[in-house]
Amino acid sequence: MNLKNLLKCTFLVLLSACSSETSEWQNFNDEGVFLVYRRQSQIGKESYSITSTKDTITVTSIQGENERGRISGVESKLFLTTHLEPLSYFSRRISNNDTTNIIKMEIQGDKVSVWEKHFDVVVSDRKDAFFLVNSNIPAGIEMMLYHYYFKQHNASSIPTLPRGEVSLTHKGEDIVKIKGEDVALDRYVVEGINWGGRTIWLDKSKNLVAVVKANTQIRELIKEGYEEAKSLFIKGNVEEQMAQLTDYTTALKGEESEITALVGGNVVDGVQDDVKKNMTIIIENGKIKQIGSSPEITIPENAKVIDVSGKTLIPGMWDMHAHSNQVQWAPAYLAGGVTTIRDNGNELEFATAFRDAIAKDGATGPDILLAGMTDGPGIKGNGIIRARSAEEAKEVVKLYHDNGYEQIKIYTSIEPEILKVLAEEAHKVGMTVTGHVPALVDDARVAVESGMDMLSHYNRILAALFTDKKVSDLGPFFMVDNEVTDEMVNDAIAFYLKHGTVLDVTLGLGVVRTLPKGQVMETIEPDAGRMAYELFESKRFRAGTGEKRAKKLKQNIIKSAEVIGKFYKAGIPVVAGTDNFAPGFGLFLEMESYVKYGNLTPLDAIKMATIIPARAMGYDDVTGSIEVGKQADIAILDENPLENIDNIRTVSSVLTNGNYYESEPLWIAADFKPTRD
């Protein structure tokens, strides 16, 4: 080795464990395309290229999406040594000729500096083996991560920056049919990139072929040429998710008892506005057998006795606007005292498997009721299940009804006449219709008159106040920019009462959207910091808005809450739902917002999350309150929520489907911190 090369190697040893060995990555060139799917409908492409010289590999990725009419792009570039050691990396979002950096990394000597959106630059010592990872890592960059991983020989995991570690578990070999030929792919579950893991497939050269991931929204990325195997990739991810749910169940589910006695607790039954002190509840085969004063109740000799002295027992809560796209929601929901969810739009294969694993196989999780999403034609349509004609509408209803769904979920691109067909067909088979006011309907009252039984989101619901305006005319500040009279409120109340419309307001989500740019969600949701770090990008840190706009948005949501409170007091059924803005504990903010801004009582908020949704879905004879004969769905709190609705956050344990769970292990299983920082 000559002096020039010696000096060069001495410099690179700090970066790449420089070696005189020739690397297979020297003078390497490759390019390809990954197709990007959301709810199994293609929404974009990612083009990548890999080029190298004798010393450096350059990986470039350009991803473009048109997701329901929202056009966005991400440009990423990774520089590596030919021994696959990272040298620098950046990823930035491209929008309207502007760019927003997501993450950057540089190495200088033995120091690594990492900057990620919302954080200051962090400089640390270079580790022996590391890779930079963010939860939205492009597929082309992710492929190099796996090549790097396997170059580490038998490492069980590799540390990653800015935090955490990545591990791969081999799950077997799948044979896919590509252009009539059998192709063998290796299936792995990867942990440490997105919350709960992703399922990937590699070819025999360790090149990435497919990714199915969630982070609360299922996406499939499939290398061009392999798209005919999409159904196998979807099925494989469902299998791995259900295996994870089985692991949760094994770890968390205690020994079942035919008879359980909850002794000494204070009961808020969800019906009466009082607290019954020092009560005992006898549960037999998952149902409430007796409720009475502890001194007067005889506890059966063979009962499992749980001392809940000083705690407050309320009905297990409902989240009526969930999108539980991964099984990590199961322990997270239970940890927050949620025992029933309505999944308001999901991939059919995953949603039915998730529901059935809990209902039929006894897996750990809340009961799941399903609303099957459908949308209309065009690029703004959402998902693969579309109703673009009367015949397709009938097929959609049959598909969901045959799979045991409770409702049809309407999305934005459904055409007016098709909405009527969907509603008519759903009602024929005993299903109800929920969802958005479609853009072409553009009128909340017309949507209800066309057959919708429930409406989602406060901005569409409150459009019924303005009989002279379309939904699309109202704008983001419609409640503060327009006069809202008592006459308008009373007229809307009369309309909704006449039609028996159920309102799924998602008020808490509206509150979260008032965050100014740069503020973390803890500003209004104190538990947000407990989320798994893989969720920070998508959940804890939101895009936010300017100070002036944020202030007006807050005024708008407060005025909206006041009117929704009047709707509730008039007898319109209002249900609590989160739309997944924060896993598990998002329902707490939803309930608190009704008390804080809607002038409602803590009991009102509890009813919105218990008996009212149970009644709306036709299950009030089964659950929704603590009464003899009902299913023992019970959340156990350290403090009384009737005294202060904020005490709803003190859930310490939960009883559901005959099983008792402590909250702390559930939070830990869902990859949340057990206590606030």
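What counts, and at which threshold
- Residues numbered from 1 in each chain as written.
- Predicted model: local features only at pLDDT ≥ 70, side-chain atom pairs only at ≥ 80, totals over all residues.
- Heavy atoms only, no water.
- Helix = DSSP H or I, 4+ residues; strand = E, 2+ residues; numbered from the N terminus.
- Rg over C-alpha atoms; globule rule 2.2 N^0.38 Å.
- Contact = heavy atoms within 4.5 Å.
- Areas by Shrake-Rupley, 256 points an atom, 1.4 Å probe, with all protein chains shown as cover.
- Lys, Arg positive; Asp, Glu negative; His and termini not counted.
- Charge placed at Lys NZ, Arg CZ, Asp CG, Glu CD.
- 1 Å grid on protein atoms, 1.4 Å probe; cavity = no way out; pocket = protein on both sides within 12 Å on 5 of 7 lines; lining within 4 Å.
- Points joined across faces, edges and corners; volume = space filled by probe spheres on them.
- Nonpolar A, V, L, I, M, F, W, Y, C, P; charged D, E, K, R; others polar.
- Phe/Tyr/Trp six-rings, centres within 6.5 Å; stacked < 30°, edge-to-face > 60°.
- Buried < 20%, exposed > 50% of the residue type's maximum accessible area, 1.4 Å probe, protein only.
- Lys NZ or Arg CZ within 6 Å of the ring centre and 35° of its normal.
- Core = buried A, V, L, I, M, F, W, Y, C linked by side-chain atoms within 4.5 Å.
- Salt bridge = Lys/Arg side-chain N within 4 Å of Asp/Glu carboxyl O.
- Pairing = 2+ DSSP bridges.
- Axes fitted to C-alpha atoms, helices over the stretch in contact; angles between N-to-C directions.
- Expected span 1.5 Å × (residues − 1).
- pLDDT = per-residue confidence, 0-100.
- Arc of directions from axis to C-beta.
- Left-handed = near helix turned anticlockwise from the far one by under 90°.
- Polar contact = N/O pair within 3.5 Å; in protein donor to acceptor, adjacent residues only side chain to side chain.

With respect to the overall build of the protein chain
Next up, step 1: Helices and strands together make up the secondary structure of the protein chain, namely 18 helices and 31 strands.
Next up, step 2: The C-alpha atoms of the protein chain give a radius of gyration of 27 Å, which matches the 26 Å a tight globule of 677 residues would have.
Next up, step 3: Structurally, the protein chain occupies a C-alpha span of about 90 × 65 × 55 Å along its principal axes.
Next up, step 4: Once local pairs closer than 6 in sequence are excluded, the contacts in the protein chain between residues at least 24 apart make up 62%.
Next up, step 5: Of the roughly 27200 Å² of accessible surface on the protein chain, 47% is carried by carbon and sulfur atoms.
Next up, step 6: The protein chain carries 74 positive and 95 negative side-chain charges, and their two centres are separated by 5 Å.

Topic: empty space enclosed by the protein
Over the atoms a probe the size of a water molecule is rolled, and this reveals where empty space is left.
Next up, step 1: Scanning all chains against the criterion turns up three cavities of 30 Å³ or more.
Next up, step 2: Reported here for the largest cavity is a volume of approximately 130 Å³.
Next up, step 3: Grouping the amino acids of the lining of the largest cavity by side-chain chemistry returns six nonpolar, four polar and four charged.
Next up, step 4: Lining the second largest cavity are Gly 254, Glu 255, Glu 256, Ser 257, Thr 260, Lys 304, Ile 306, Leu 655, Gly 658, Asn 659 and Tyr 660.
Next up, step 5: For the lining of the second largest cavity, the secondary-structure elements that each account for two or more residues are strand S19 (304-307) and strand S31 (659-662).
Next up, step 6: Here the lining of the second largest cavity is built from residues that sort into three nonpolar, five polar and three charged.

Remarks on the packing of aromatic side chains
Next up, step 1: Inspection of every chain in the model, using the stated rule, returns 18 aromatic pairs.
Next up, step 2: Taking 5.7 Å as the distance between ring centres and 65 degrees as the angle between the ring planes, the aromatic pair formed by Phe 150 and Tyr 188 counts as edge-to-face. A residue pair is termed long-range when its members are at least 10 positions apart, and Phe 150 in helix H2 (residues 139-151) and Tyr 188 in strand S12 (residues 181-191) qualify at 38 residues.
Next up, step 3: For Tyr 188, a relative accessible area of 6% gives the class buried.
Next up, step 4: In textbook terms, an aromatic cluster arises when at least three aromatic residues are bridged by ring pairs, as seen for Trp 195, Trp 329, Tyr 333, Phe 585, Trp 667 and Phe 672.
Next up, step 5: When the ring centre of Phe 150 is taken as reference, the NZ or CZ atom of Lys 206 above it lies at 4.4 Å.

Quick word on the nonpolar core
Next up, step 1: Counting residues in hydrophobic clusters, the biggest one holds 145 residues, and the most contacted among them are Phe 233, Leu 245, Met 317, Leu 465, Tyr 496 and Phe 567.
Next up, step 2: If you look at the next biggest cluster of nonpolar residues, it comprises 45 residues, including Ile 50, Leu 80, Met 143 and Tyr 149.

Regarding the pattern of salt bridges
Next up, step 1: Enumeration according to the criterion identifies 32 salt bridges in this entry.
Next up, step 2: A salt bridge links Lys 630 to Glu 627; the shortest N-O distance between them is 3.3 Å.
Next up, step 3: Given the relative accessible area of 7%, Lys 630 is considered buried.
Next up, step 4: On the accessibility criterion, Glu 627 (33% relative accessible area) is partly exposed.
Next up, step 5: Through salt bridges that share partners, Asp 174, Arg 187, Lys 235, Glu 239 and Glu 240 make up one connected network.

Description of the sheet that holds strand S25 (residues 432-435)
Next up, step 1: If you walk across this open sheet you meet the five strands as S21-S22-S23-S24-S25, and the pairing is parallel. This sheet does not close on itself; its edge strands, each paired only once, are strand S21 (317-322) and S25. Taking each pair of neighbouring strands and ignoring which way they run, the sheet shows an average axis angle of 30 degrees.
Next up, step 2: On the sheet, helix H7 (residues 416-428) packs against strand S23 (367-374), strand S24 (407-410) and S25 and is oriented at approximately 140 degrees with respect to S25.
Next up, step 3: Lying over the sheet, helix H15 (residues 586-598) contacts S21 and strand S22 (338-343), oriented at roughly 100 degrees with respect to S21.

A look at the sheet that holds strand S28 (residues 574-575)
Adjacent strands of a sheet form backbone hydrogen bonds with each other and so pair up, either parallel or antiparallel.
Next up, step 1: Spatially, the three strands line up as an open sheet ordered S26-S27-S28, and their pairing is parallel. Both outer strands of the open sheet, strand S26 (454-456) and S28, are each paired with one neighbouring strand and no more.
Next up, step 2: Across three bridges, the pairing between S26 and strand S27 (residues 502-504) is parallel. Looking across to S27, one finds that Leu 455 is bridged to Leu 503.

Remarks on helix H5 (residues 348-359)
Next up, step 1: Across its 12 residues, H5 extends 16 Å between first and last C-alpha, which sits within 8% of the 16 Å expected from 1.5 Å per residue.
Next up, step 2: Counting buried residues in H5 gives nine out of 12 residues, a clear majority hidden from the surface.
Next up, step 3: For H5, every residue scored as buried is listed here: Leu 348, Phe 350, Ala 351, Thr 352, Phe 354, Arg 355, Asp 356, Ala 357 and Ile 358.

Thoughts on the confidence of the model for the protein chain
For any part of a model where pLDDT is low, the fine detail of the predicted coordinates should not be relied upon.
Next up, step 1: Per-residue confidence for the protein chain gives a mean pLDDT of 91; residues scoring 70 or more make up 94%.
Next up, step 2: pLDDT under 50 marks residues 1-20. Its contacts with residues more than four places away, or in other chains, come to 22 contacts.

A short note on helix H6 (residues 390-402)
Next up, step 1: Taking 1.5 Å per residue as the helical rise, H6 with its 13 residues ought to reach 18 Å, and the 18 Å between its terminal C-alpha atoms agrees with that figure.
Next up, step 2: Here H6 has its buried residues at Ala 393, Val 396, Val 397 and Tyr 400. Axial view of H6: buried residues confined to an arc of 95 degrees, hence all on one face. Facing away from the buried side of H6, by more than 90 degrees, are the exposed residues Lys 398 and Asp 402.
Next up, step 3: Here the buried face of H6 lies against H5, S23, S24 and H7.

Observations regarding the environment of Thr 81
Next up, step 1: For Thr 81, the position within the fold is in strand S4 (residues 70-81).
Next up, step 2: Distance in space between the C-alpha atoms of Thr 81 and Met 320 is 50 Å, their sequence separation being 239 residues.

A short note on the packing of H6 against H7
Next up, step 1: Packing of H6 against H7 brings their axes to within 9 Å, and their N-to-C directions diverge by 35 degrees. Considering how the two elements wind past one another, H6 and H7 form a crossing that is right-handed. From H6, Ala 390, Ala 393, Lys 394, Val 396 and Val 397 reach across to H7, where they touch Ile 418, Val 421, Leu 422, Glu 425 and Ala 426.
Next up, step 2: For the contact of H6 with H7, the residue count by class is eight nonpolar, no polar and two charged.

Brief notes about the environment of Gly 286
Next up, step 1: When you line up the elements, Gly 286 lands in the loop between strand S17 (276-284) and strand S18 (287-293).
Next up, step 2: Residues Gly 286 and Ile 43, 243 residues apart in the sequence, show an inter-C-alpha distance of 45 Å.
Next up, step 3: Non-local contacts of Gly 286, meaning those with residues more than four positions away in its chain, are made with Lys 630, Gln 631, Ala 632 and Gly 658.

What to know about the side chain of Asp 367
Next up, step 1: Looking at where Asp 367 falls in the secondary structure, it is placed in strand S23.
Next up, step 2: No salt bridge is formed by the buried Asp 367; the nearest opposite charge belongs to Arg 355, separated by 10.0 Å.
Next up, step 3: Of the polar contacts made by the side chain of Asp 367, one reaches the side chain of Asn 657; its length is 3.3 Å.
Next up, step 4: If we ignore the near neighbours within four places in the chain, the residues touching Asp 367 are Thr 339, Thr 340, Ile 341, Ile 358, Gln 631, Asp 633 and Asn 657.

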